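Descriptive structure summary
The residues making up each chain are set out below.
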Amino acid sequence: PTELYTSERVVVLISCVLSFLGSSLLVCTHALWPELRTRPRQLLLYLSLADLLSAVSYFYGVLQDFDRTSWDCVLQGALSTFSNTSSFFWTMAIALYLYITIVRGSPTGTGLLCCFHVVSWGVPLGITVAAVALKKIGYDASNVSVGWCWVNLDAEDRVLWMLLTGKVWEILAYVTLPVLYILIKKHINRAVSILLLSLSEYRPILSRAPAFPPRTSIADKKLILIPVIFIILRIWSTVRFILTLCNSPAVQNSFLVVLHGIGNTFQGGANCIMFVLCTRVVRTQLFSSICCCHYDELDWPLRRSNSNWQHPEPHKDKDEPGPERVKPLLSNT
């Protein structure tokens with residue numbers, strides 16, 4: 001088995017906590033502010049729910065650092081298998097949605113969303129139930145994990161179940177997501193080129209080019225980065241999986257173990273950084289809410305002390321300009 005050092009476990013546990021907080025913040029922003037409930041944000045919500053469950057299950061697995069198959073090992077392995085596989089499907093669903101809406105320009109209704117729900121929740125649930133029923137989930141000696149349980153290494157068909165419970169969908173995402181990403185990026189660049197070409201005809205009579213809103217929202221453009229984040233984070237688990245199949249001692253390398261642990265657990269934190277902290281609308285709404293609550297608490301004693309105080313009316317000078325005289329100055333300013 002791969003021995004986990006205390007420093008490695010601490011780093012992965014911190015990654016789990018950050019992912020949990022990030023996914024929770026994404027869910028809270030969607031619940032508190034209805035004006036942000038666009039269709040891309042709705043898909044991001046379901047991805048955040050899967051990452052939230054994944055962070056909790058991985059945290060328990062790393063904290064326990066299982067050394068044998070037990071009931072909590074099977075439960076933790078089942079939860080992480082379901083949530084991890086569901087995260088794969090929701091990531092591909094988001095990329096497919098962007099391709100349909102941006103490149104194809106086809107309208108999307110509730111039918112497409114229902115299909116996403118059936119596939120992204122139903123397929124992982126069916127695979128997980130079958131793996132648990134056939135007793136394929138168990139202790140894996142941390143060779144294809146970082147302390148948590150996954151596919152039991154004692155199973156004769158363990159490679160098949162490793163593929164079914166995650167790796168085949170992960171490898172499929174590596175192939176599908178870059179293709180969709182390249183097509184979406186090419187379409188956006190072509191659309192921007194056409195827009196700039198059309199604006200060039202009016203440059204002689206316009207001192208400054210107007211800021212036309214693009215066809216896609218800012219959230220749509222940022223969602224394109226989800227496949228890139230996905231590949232950067234997930235590639236290390238695939239590397240260790242291949243090294244395990246080759247019986248290579250490099251699978252126990254501490255650097256790879258830490259990267260594997262962070263990559264599998266930090267998806268929710270990365271999405272929070274991109275779609276909360278780096279998105280102006282959401283960031284402004286979040287900071288304004290925090291500041292308003294803070295100022296309300298500070299101003300409450302002051303408002304009570306001034307409740308019985310009446311300010312004297314300011315002396316009105318007849319030479320003081322009226323509103324109609326001040327208005328041009330304000331507009332010019």
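Calculation notes
Residues numbered from 1 in each chain as written. Predicted model: local features only at pLDDT ≥ 70, side-chain atom pairs only at ≥ 80, totals over all residues. Heavy atoms only, no water. UniProt positions renumbered as here; feature names shortened; annotations may be inferred. Disulfide = S-S within 2.5 Å. Helix = DSSP H or I, 4+ residues; strand = E, 2+ residues; numbered from the N terminus. Buried < 20%, exposed > 50% of the residue type's maximum accessible area, 1.4 Å probe, protein only. Patch = residues over 30% accessible without salt bridge, like charges linked within 9 Å, V, L, I, M, F, W, Y side chains within 5 Å. Areas by Shrake-Rupley, 256 points an atom, 1.4 Å probe, with all protein chains shown as cover. Salt bridge = Lys/Arg side-chain N within 4 Å of Asp/Glu carboxyl O. Phe/Tyr/Trp six-rings, centres within 6.5 Å; stacked < 30°, edge-to-face > 60°. Polar contact = N/O pair within 3.5 Å; in protein donor to acceptor, adjacent residues only side chain to side chain. Contact = heavy atoms within 4.5 Å.

Per an unreviewed UniProt entry, the chain goes by G-protein coupled receptor 157 and derives from Antrostomus carolinensis. According to its UniProt record, the chain has this under Subcellular location (unreviewed entry): "Membrane".

Right, let's get into the state of the cysteines. Following the criterion strictly, the structure yields 1 disulfide and no others. The disulfide partner of Cys 73 is Cys 149, and the gap between their sulfur atoms is 1.9 Å. Judged by the sign of its S-S torsion, about -115°, the cystine formed by Cys 73 and Cys 149 is left-handed. With Cys 73 in helix H3 (residues 71-104) and Cys 149 in the loop between strand S1 (137-138) and strand S2 (150-151), this residue pair connects regions lying 76 residues apart in the sequence. Residue class for Cys 149 comes out buried when judged on its relative accessible area of 0%. Free cysteine: Cys 114, not disulfide-bonded; nearest cysteine sulfur from Cys 115 at 7.0 Å. Judged by relative accessible area, which is 46%, Cys 114 ranks as partly exposed.

So, on to a nonpolar patch on the surface. Taken together, the side chains of Val 10, Ile 14, Val 17, Leu 18, Phe 20, Leu 21, Val 56, Phe 59 and Leu 63 make up a nonpolar region of the molecular surface, amounting to roughly 730 Å² of accessible area. Secondary-structure elements contributing two or more residues to the nonpolar patch are helix H1 (6-32) and helix H2 (39-64).

Right, let's talk about the UniProt feature "transmembrane region" (unreviewed entry) in the chain for a bit. In this structure's numbering, the residues bearing the UniProt feature "transmembrane region" (unreviewed entry) are residues 12-32, 44-61, 81-100, 112-134, 160-184, 223-243 and 255-278. Each end of residues 44-61 is marked by a C-alpha atom, and these two atoms are 25 Å apart; helix forms 100% of the span and strand 0%. The span residues 81-100 is 100% helical and 0% strand by assignment, and the distance between its end C-alpha atoms comes to 29 Å.

Moving on to the packing of aromatic side chains. Scanning all chains against the criterion turns up 8 aromatic pairs. When the centroid spacing of 5.1 Å and the interplanar angle of 35° are considered together, the rings of Tyr 46 and Trp 90 count as tilted. Here Trp 90 lies in helix H3 and Tyr 46 lies in helix H2, a separation of 44 residues in the sequence. The exposure classification of Tyr 46 matches that of Trp 90, with both residues buried. Ring centres of Tyr 58 and Trp 148 lie 4.2 Å apart, and the angle between their planes is 45°; on these two criteria the pair is classed as tilted. In this pair, Tyr 58 sits in helix H2 while Trp 148 sits in the loop between S1 and S2, placing the two residues 90 residues apart along the sequence. Look at Tyr 58 and you get buried, because its relative accessible area is 2%. According to the relative accessible area criterion, Trp 148 is buried, its value standing at 3%. Each residue in the set Tyr 46, Phe 82, Trp 90 and Trp 121 is aromatic and connected to the rest through ring pairs, giving one cluster.

Time to look at the pattern of salt bridges. For the structure on display, the rule yields 2 salt bridges. Of the charged contacts in the structure, one is a salt bridge between Lys 167 and Glu 170, with a shortest N-O distance of 2.8 Å. Pair noted here: Lys 167 and Glu 170 are both in helix H5 (residues 158-200), with a separation of 3 residues, about one helical turn. Taking the relative accessible area as the measure of exposure, Lys 167 reaches 7% and is therefore buried. With relative accessibility at 1%, the residue Glu 170 sits in the buried group.

To continue, consider the side chain of Ser 83. Looking at the secondary structure, you find Ser 83 in helix H3. For Ser 83, a relative accessible area of 1% gives the class buried. A polar side-chain atom of Ser 83 sits 3.3 Å from the main-chain carbonyl oxygen of Ser 80. In this view, Ser 83 contacts Ala 50, Leu 53, Ser 54 and Ser 57; residues no more than four positions away in its chain are not counted.

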